[in-house]
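Observations on the model geometry
Each chain is listed here by its residues.
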Amino acid sequence: MNSKLNKKQIERFSRQIILKNIGAQGQKKIIKSKVLIVGMGGLGCPIAEFLVRAGVGNLGIVDFDRVNISNIHRQTLYDQKDLQKFKVEVAKKKLNLINSKTKITSYRNRINKSNYQKIIRKYDYIVDGSDNFQTKFLINDFCMRSKKFLVVGAISKFDGHIFTFNFKDRKSPCLRCFFQENQISDDILDCEYEGVLGTISGIVGTFQANEILKGILNIGKNLNGFILILDLLNLKFRKVKLNKLEKCSCKFI
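Residues numbered from 1 in each chain as written. Predicted model: local features only at pLDDT ≥ 70, side-chain atom pairs only at ≥ 80, totals over all residues. Heavy atoms only, no water.

What follows is about a positive patch on the surface. Together, Lys-34, Lys-103, Lys-118, Arg-121 and Lys-122 give the surface a local cluster of positive charge. Tracing the backbone shows Arg-121 in the loop between α6 (116-120) and β4 (125-128). By relative accessible area, Arg-121 is classed as exposed at 57%. (Patch = residues over 30% accessible without salt bridge, like charges linked within 9 Å, V, L, I, M, F, W, Y side chains within 5 Å. Areas by Shrake-Rupley, 256 points an atom, 1.4 Å probe, with all protein chains shown as cover. Salt bridge = Lys/Arg side-chain N within 4 Å of Asp/Glu carboxyl O. Lys, Arg positive; Asp, Glu negative; His and termini not counted. Charge placed at Lys NZ, Arg CZ, Asp CG, Glu CD. Helix = DSSP H or I, 4+ residues; strand = E, 2+ residues; numbered from the N terminus. Buried < 20%, exposed > 50% of the residue type's maximum accessible area, 1.4 Å probe, protein only.)

So this is what it looks like as structure tokens:
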């Protein structure tokens with residue numbers, strides 16, 4: 001990490017570089033980072049936008065879906081001209097307009113048991129913005145085995161949940177320690193079923209991007225071992241300790 005930032009990089013990221021917790025060395029860490037976002041919906045859009053604006057050098061985006069009219073109220077990278085286009089293709093073009101120096105790799109896939117390892121293993125930092133527990137658990141389990149840094153988000157109605165798991169720490173709990181697989185339903189993550197206020201997506205997604213940047217820079221306090229619960233209707237915020245369950249199935253992974 002001896003190479004110097006060039007004049008354009010210093011000018012572009014000057015407001016970050018001036019922060020004593022970041023500086024030129026921190027900015028170089030961001031530029032050299034490899035981040036994967038799973039799900040380019042309400043969470044994935046603000047996550048991707050802020051990471052690209054921050055200067056993340058390598059960004060992977062995964063989604064199999066097309067843009068529809070009900071997405072536009074909360075999925076901030078899309079507009080009416082994008083209807084029926086694939087989300088990852090639209091997002092890549094718009095993100096490149098924000099920062100052409102970020103290398104963006106798009107995966108027009110649904111994450112499943114046959115492809116998830118091949119995609120995720122290329123990245124050091126993983127952000128989960130998916131809307132179903134099967135995908136969330138696949139990502140959780142692989143990140144645990146591979147000792148990756150994972151940030152998970154979930155939204156519904158006026159509420160948000162954010163988890164950070166630094167699996168290099170063997171004592172870290174995992175997503176299965178909070179959500180028991182036999183006691184959950186994807187309905188609680190389904191915006192079509194539960195509904196969601198558009199701003200909730202932006203707030204939670206921005207929190208997730210912030211956790212990733214702190215993880216890359218190794219600064220501040222993160223949510224490893226905690227869950228941040230946001231009730232944005234009543235402005236109630238709780239940071240709750242998440243303990244590793246003795247009988248969690250992650251122990252057998």
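What follows is about the side chain of Thr-164. Topologically, Thr-164 is positioned in strand β6 (residues 159-166). Accessibility expressed as a relative area gives 0% for Thr-164, which makes it buried. Of the polar contacts made by the side chain of Thr-164, one reaches the side chain of Glu-211; its length is 3.0 Å. Setting aside anything within four residues of it in sequence, one finds Thr-164 in contact with Phe-149, Leu-150, Val-151, Glu-211, Asn-222, Leu-223, Asn-224, Gly-225 and Phe-226. (Polar contact = N/O pair within 3.5 Å; in protein donor to acceptor, adjacent residues only side chain to side chain. Contact = heavy atoms within 4.5 Å.)

Turning our eyes to something else, we now look at the nonpolar core. Residues Val-35, Ile-37, Met-40, Leu-51, Leu-59, Leu-95 and Ile-212 are the most contacted members of the largest nonpolar core, which totals 42 residues. Looking at this core, the elements with two or more residues in it are β1 (34-38), α4 (44-54), β2 (58-62), α5 (87-98), β4, β5 (149-156), α9 (198-217) and β7 (226-231). Excluding its chain neighbours within four sequence positions, the residues that come into contact with Leu-59 are Val-35, Ile-37, Ala-48, Leu-51, Val-52, Leu-95, Thr-102, Lys-103, Ile-104, Thr-105 and Tyr-123. Ile-120, Tyr-123, Met-144 and Val-152 belong to the second-largest nonpolar core, a separate cluster that totals 29 residues. (Core = buried A, V, L, I, M, F, W, Y, C linked by side-chain atoms within 4.5 Å.)

This model, assessed by the stated rule, comprises nine salt bridges. Measuring nitrogen to oxygen at the nearest pair gives 2.6 Å for the salt bridge that ties Asp-141 to Arg-176. On the criterion of sequence distance, the pair formed by Asp-141 in helix α7 (residues 133-146) and Arg-176 in the loop between β6 and α8 (191-194) is long-range, its members being 35 residues apart. Side by side, Asp-141 and Arg-176 carry an identical accessibility label, which is buried. A salt bridge links Lys-214 to Glu-211; the nearest nitrogen and oxygen atoms lie 2.7 Å apart. One end of the pair, Lys-214, and the other, Glu-211, are both in helix α9, three residues apart, so they sit about a helical turn from each other. Of the residues examined, Glu-211 reaches a relative accessible area of 4% and is grouped as buried.

Not every positive phi belongs to a glycine, and Asn-218 is a case in point at roughly 55°. Tracing the sequence through the fold places Asn-218 in the loop between α9 and β7.

In this section: the sheet that holds β2. Taken in spatial order, the eight strands of this open sheet run β3-β2-β1-β4-β5-β6-β7-β8, and their pairing is mixed. Two strands lie at the open edges of the sheet, namely β3 (103-107) and β8 (236-241), each paired on one side alone. Neighbour-to-neighbour, the strand axes of the sheet open up by a mean angle of 15°, direction not taken into account. Strand direction decides the pairing type here: β1 and β4, joined by four bridges, are parallel. Pairing of Ile-37 across the sheet is with Val-127, part of β4. Here α7 sits on the sheet and contacts β1, β4 and β5; the angle it forms with β5, its principal contact strand, is near 165°. Lying over the sheet, α9 contacts β1, β4, β5, β6 and β7, oriented at roughly 170° with respect to β5. (Pairing = 2+ DSSP bridges. Axes fitted to C-alpha atoms, helices over the stretch in contact; angles between N-to-C directions.)

Another aspect to go through is α4. Burial of α4 is extensive: nine of the 11 residues sit out of reach of the surface. All of the buried residues along α4 are Gly-44, Cys-45, Pro-46, Ile-47, Ala-48, Glu-49, Leu-51, Val-52 and Ala-54. A positive phi of about 105° marks Gly-55, the residue just after α4.

All told, the structure shown has six aromatic pairs when counted by the stated rule. Here Phe-163 and Phe-165 contribute two aromatic rings whose centre-to-centre distance is 5.9 Å and whose plane-to-plane angle is 20°, an arrangement assigned as stacked. Residue Phe-163 is classed as buried on the basis of its relative accessible area of 0%. Taking relative accessible area as the criterion, Phe-165 reaches 0% and is therefore assigned buried. By way of ring pairs, the aromatic residues Phe-163, Phe-165, Phe-167 and Phe-178 are connected into one cluster. Here Arg-108 stacks its cationic end above the ring of Phe-86, 3.9 Å away from the centre of that ring. Sitting over the ring of Phe-137, Arg-176 keeps its end group 4.5 Å from the ring centre. (Phe/Tyr/Trp six-rings, centres within 6.5 Å; stacked < 30°, edge-to-face > 60°. Lys NZ or Arg CZ within 6 Å of the ring centre and 35° of its normal.)

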